[in-house]
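# Architecture at a glance
Residues per chain, in single letters:
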Amino acid sequence: KLQLVTIKKLLLLCGKDGRVEDSFVVHSGSRAMGIPPDPVTLTIVISTCARRGKAERAMEVYEEARALGMSVDRVMVNAMVNVCAQSGQADMAIGVVADAIQNQVPLDSFTISSFVSAFARKNQVEEALVAFEMGKWLGVPTTTVVLNAVINACAKAGKKDLALETYHQAISEGAVPDSVTFNSLIHACARAKDPTAACEIFMEAVALGVHPDEFTICSLIDACAQAGDAKHALEVYRLASTMSVQPTNIMVNSVVNAAARAGEPEIAMEVFTEAKMLGVGMDKTTMSFFVRAFIAAGQPDQALVVMQMGDWMKVPCSAQVRAELLEACKRANIEDSYHSAVYSSKSTGNEQFADNALPATSAP
């Protein structure tokens, strides 16, 4: 017993760092020493495999347990279905769940949420819904974790209407949503370019006392951006501060992206200026969207100013955006201004920024 306890401690140490092969070395060594494994030992190895998404290695251990005639319990089943979810091995998950049902292993919300997630990884939303319904047939309650898994599956597949339908049905059956639920629903609306539906979901969340976080705000802004609605994106950004959600680089980038899509650089300028005053950091993504906002508005001369500003701030816009700006300058007959701006950066010691632009400078 003392030896088995030592083996388990060693396996837990391997699991803590996700050292899959080391855990197999310990497991094989214990077998060679004549120390037989028990279900807990094998479950620890499977869980270590889950941390690295090593489904095939986990299956080796699971099959070993079955070959030894062990009574597989729910903990081992959950660990196995989880590793299938992490690696997107839906077919493998089906086999494990079917085996569990056949051997009358009771399943729980963790089993079902992982089962649903295995299909979500493959964007197999119909199969994910079947797994969700199967859980209900087996008497597994639709907990928040299960609800979030199935809503996420719908959102990832871009099935907004299906996500909303599933959500309302689950709520009518007593499921309790949380911020993750609403974030996934808003993300589904964003992918469908439906800011109206996204705002309705947001207001429902607020009414239920679910406070938004950074991801909620960014998803809502993104919904506006996808629809080319920069003004509403700005309103959401302003609303965040009234709900104690402080502006972040990601939030700023989302609004500037909305402005770029809508061709409204004044909104990008407004948010950029405020963010600088609040000490929010800018990055290459910020400057790239900022430049694109002026390009979309047909103002390549102003886009050049923003490009140079990014160079001086050491956050240059991307080479792709520089190429787009060069083409815009050509159309406006100010190509010389582009080249002057590029080499101005180089002459002030910002060689890396000028180098980023060289492919665009030499483009035909």
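Anything mentioned here points back to the structure above.
Described below are features of the structure shown in this document. (Residues numbered from 1 in each chain as written. Predicted model: local features only at pLDDT ≥ 70, side-chain atom pairs only at ≥ 80, totals over all residues. Heavy atoms only, no water.)

### A short note on the overall build of the protein
Looking only at helices and strands, the protein features 21 helices and zero strands. Taken over the C-alpha trace, the protein has a radius of gyration of 27 Å; the compact-globule value for 364 residues is 21 Å, which it surpasses by more than 25%. Within the span of the protein, comprising 364 residues, buried residues form 49% of the whole. A separation threshold of at least 6 residues defines the contact pool for the protein, and within that pool the share at least 24 residues apart is 67%. By element, 55% of the accessible surface of the protein is carried by carbon and sulfur atoms, the whole surface being about 16900 Å². Taking the average place of the 31 positive charges on the side chains of the protein and the average place of its 40 negative ones, the gap between the two points comes to 7 Å. (Helix = DSSP H or I, 4+ residues; strand = E, 2+ residues; numbered from the N terminus. Rg over C-alpha atoms; globule rule 2.2 N^0.38 Å. Buried < 20%, exposed > 50% of the residue type's maximum accessible area, 1.4 Å probe, protein only. Contact = heavy atoms within 4.5 Å. Areas by Shrake-Rupley, 256 points an atom, 1.4 Å probe, with all protein chains shown as cover. Lys, Arg positive; Asp, Glu negative; His and termini not counted. Charge placed at Lys NZ, Arg CZ, Asp CG, Glu CD.)

### Looking at the environment of Met-287
Along the chain, Met-287 turns up in helix α17 (residues 284-296). Owing to a relative accessible area of 1%, Met-287 belongs among the buried residues under this scheme. For Met-287 and Met-313, which are 26 residues apart along the polypeptide, the C-alpha to C-alpha distance reads 9.9 Å. Setting aside its immediate chain neighbours within four residues, Met-287 contacts Phe-272, Val-306, Met-309, Gly-310, Val-315 and Cys-317.

### Considering unusual backbone geometry
Of note, Gln-104 is a non-glycine position whose phi angle comes to about 60°, a positive value. A positive phi angle, close to 65°, is found at Lys-314, a residue other than glycine. By secondary structure assignment, the location of Lys-314 is in the loop between α18 (300-312) and α19 (319-331). Assessed through its relative accessible area of 59%, Lys-314 is described here as exposed.

### A short note on the nonpolar core
Grouped together as the largest cluster of nonpolar side chains are 125 residues, with contacts concentrated most on Met-80, Val-116, Val-291, Met-307 and Leu-325. Apart from the residues lying within four places of it in its own chain, the contact partners of Val-116 are Ala-128, Ala-131, Phe-132, Ala-149, Val-150 and Ala-153. (Core = buried A, V, L, I, M, F, W, Y, C linked by side-chain atoms within 4.5 Å.)

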